[in-house]
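Coordinates in review
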Amino acid sequence: MFTGKVVLVTGASSGIGAETAIEFSKLGAGVVITGRKNDLLNNVAKQCEEISPTKLKPLPIIADMNNENDIENIVKATIDHFKKLDVLVNNAGVLESGTIETTSLEQYDRVMNVNVRGPYYLTMLTVPHLIESKGCIVNVSSVTGMRSFPNVLAYCMSKSALDQFTRCVALELAAKGVRVNAVNPGVIATGLHKKGGMDEAQYEAFLKKCAETHAIGRPGYAHEVSSVIVFLASDGASNITGATLPVDGGRHAMCPR
């Protein structure tokens, strides 16, 4: 499906990003993967190569989405290596817990820089190449961009901003042949919430609670999100742009009673 296409996936060293890179490789794409941890990124690169129909090696790039020079290097290295870009998946993100009373400006800046400013700058730099290829963008947002939740204030704000970014850029680029969409996962069992401050016991209780907070009665899995990302990047979604698509087991439709 993606033979001859070049796909860039940020935050690809684990979770949704890793699954997405592997899925695109399986479908024949040349894949660029970014992340901050070399060993994890190389492990994903190995899996991508093994599953690729032609054993195509991905291009791993160590990068921090907080760093403008790193973002610029992602684009330069991609074009130098593959000579083009067809699909951008803005997946890299961080989650931090906190309320208006407890979230420091340092935390706020970190979340907004990684989740919003980084994708903004990377998208800005890749747009000329995507216009040339008539490509597409898929942003990885969250149900927290669509609904409000306490104790993850900065994260909710960042994902709401990413959703609006998706819609606005979709309108700006539609006439130039570039589609822009987002997926909005609910709780996905990737361990992200442990990075956000939960210990093991809290995380297990959190996943168990998903039986009540998600209509289908469980958390989601990374491959369930990556498959939708691949669909949105495919010709099967050729008439879809500006969409923010929940992949959340129905959580966005639920109301407490």
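Scroll up to find the structure.
Let us look at the structure shown here. (Residues numbered from 1 in each chain as written. Predicted model: local features only at pLDDT ≥ 70, side-chain atom pairs only at ≥ 80, totals over all residues. Heavy atoms only, no water.)

So, the state of the cysteines
Inclusion rule: Working definition: a disulfide is two cysteine sulfur atoms within 2.5 Å of each other. When accessible area is computed with a 1.4 Å probe and restricted to protein chains, residues below 20% of their type maximum are described as buried, those above 50% as exposed, and intermediate ones as partly exposed.
Counted under the stated rule, the structure contains zero disulfides. Cys168 carries a free sulfur, and the closest cysteine sulfur to it, the one in Cys136, is 18 Å from it. Counting only cysteine sulfurs, Cys156 is the nearest neighbor of Cys255, a cysteine outside any disulfide, at a range of 16 Å. Using a relative accessible area of 63% as the deciding quantity, one classes Cys255 as exposed.

Comments concerning the pattern of salt bridges
How we decide: A carboxyl oxygen of Asp or Glu within 4 Å of a side-chain nitrogen of Lys or Arg is what we treat as a salt bridge. Note on conventions: DSSP H or I runs of at least 4 residues are helices, E runs of at least 2 residues are strands, and numbering of each starts at the N terminus.
A complete count under the given rule lists seven salt bridges for this structure. Residue Lys84 is joined to Asp86 by a salt bridge in which the shortest nitrogen-to-oxygen separation is 3.4 Å. Lys84 gets classed as partly exposed once you look at its relative accessible area, which sits at 32%. Between Arg110 and Glu106 there is a salt bridge whose closest N-O contact spans 4.0 Å. Here Arg110 and its partner Glu106 are both found in helix H4 (residues 105–133), four residues apart, which amounts to about one turn of the helix.

Remarks on the sheet that holds strand E6 (residues 179–185)
The cut-off we apply is this: Strand pairing is assigned whenever DSSP detects at least two bridges linking the two strands. Between N-to-C directions, angles span 0 to 180 degrees; the directions come from axes that are lines fitted to C-alpha atoms, helices contributing only their stretch in contact. In what follows, residue pairs with any heavy atoms lying within 4.5 Å of each other are defined as contacts.
Taken together, the seven strands give an open sheet; going across it, the order is E3-E2-E1-E4-E5-E6-E7, and neighbouring strands pair in parallel fashion. Edge positions in the sheet fall to strand E3 (59–62) and strand E7 (244–247), since each of these pairs with one other strand and no more. Across the sheet, the mean angle separating the axes of adjacent strands is 15 degrees when strand polarity is ignored. The pairing of strand E2 (residues 30–35) with E3 spans four bridges and is parallel. Across the sheet, Ile33 pairs through a bridge with Pro60, a residue of E3. Along the sheet, helix H3 (residues 68–82) contacts strand E1 (6–9), E2 and E3; its crossing angle with E3, the most-contacted strand, is approximately 160 degrees. The strands that H4 touches are E1, strand E4 (87–90) and strand E5 (136–140); relative to E4, the one it contacts most, it runs at about 175 degrees.

Notes on the pairing of E4
What counts, and what does not: For crossovers, right-handed means that the path from the first strand over the helix to the second runs clockwise, given strands pointing away from the viewer.
Where burial is concerned, the two faces of E4 agree: the one with Val87 and Val89 and the one with Leu88 and Asn90 are both buried. Here E1 pairs with E4 via three bridges, running parallel. Residue pairing across strands places Val7 opposite Val87, the latter belonging to E4. Across four bridges, E4 lies against E5 in parallel orientation. Bridge pairing in E5 links Asn90 to Asn139. Taking the sense of rotation as the criterion, the β-α-β connection linking E4, H4 and E5 turns out right-handed.

Focus on the packing of aromatic side chains
Short version of the rule: Any two of the Phe, Tyr and Trp rings considered here, Trp counted by its six-membered ring, make a pair once their centres fall within 6.5 Å; the pair's planes then place it as stacked at under 30 degrees, edge-to-face at over 60, or tilted in between.
For the structure shown, the criterion picks out two aromatic pairs. An angle of 80 degrees between the planes, with centres 4.9 Å apart, marks the rings of Phe2 and Phe24 as edge-to-face. You can see Phe2 sitting in the segment before E1 and its partner Phe24 sitting in helix H1 (residues 15–26), a full 22 residues away along the chain. The pair formed by Phe2 and Phe24 is uniform in burial state, with each residue classed as buried. When the centroid spacing of 5.7 Å and the interplanar angle of 40 degrees are considered together, the rings of Tyr120 and Phe165 count as tilted. Highlighted residues: Tyr120 in helix H4 and Phe165 in helix H5 (residues 153–173), separated in sequence by 45 residues.

Describing the packing of H1 against helix H8 (residues 222–233)
Test applied: Angle categories are assigned with fixed cut-offs, so that under 35 degrees is roughly parallel, over 145 is roughly antiparallel, 65 to 115 is roughly perpendicular, and the rest are oblique. We call a crossing left-handed when the near helix sits turned anticlockwise from the far one by less than a right angle, and right-handed when that turn is clockwise. Any residue outside Ala, Val, Leu, Ile, Met, Phe, Trp, Tyr, Cys, Pro, Asp, Glu, Lys and Arg is labelled polar, Gly included; the first ten of those are nonpolar and the last four are charged.
The N-to-C vectors of H1 and H8 enclose an angle of 50 degrees; their axes lie 8 Å apart at closest approach. Taken as axis vectors, H1 and H8 run oblique relative to one another. Of the two elements, H1 crosses H8, and the hand of that crossing is right-handed. Every residue of H8 that contacts H1 at Gly15, Ile16, Glu19, Thr20, Glu23 and Phe24 is listed here: Ala222, His223, Val225, Ser226, Ile229, Val230 and Ala233. Of the residues belonging to the contact of H1 with H8, the class tally is seven nonpolar, four polar and two charged.

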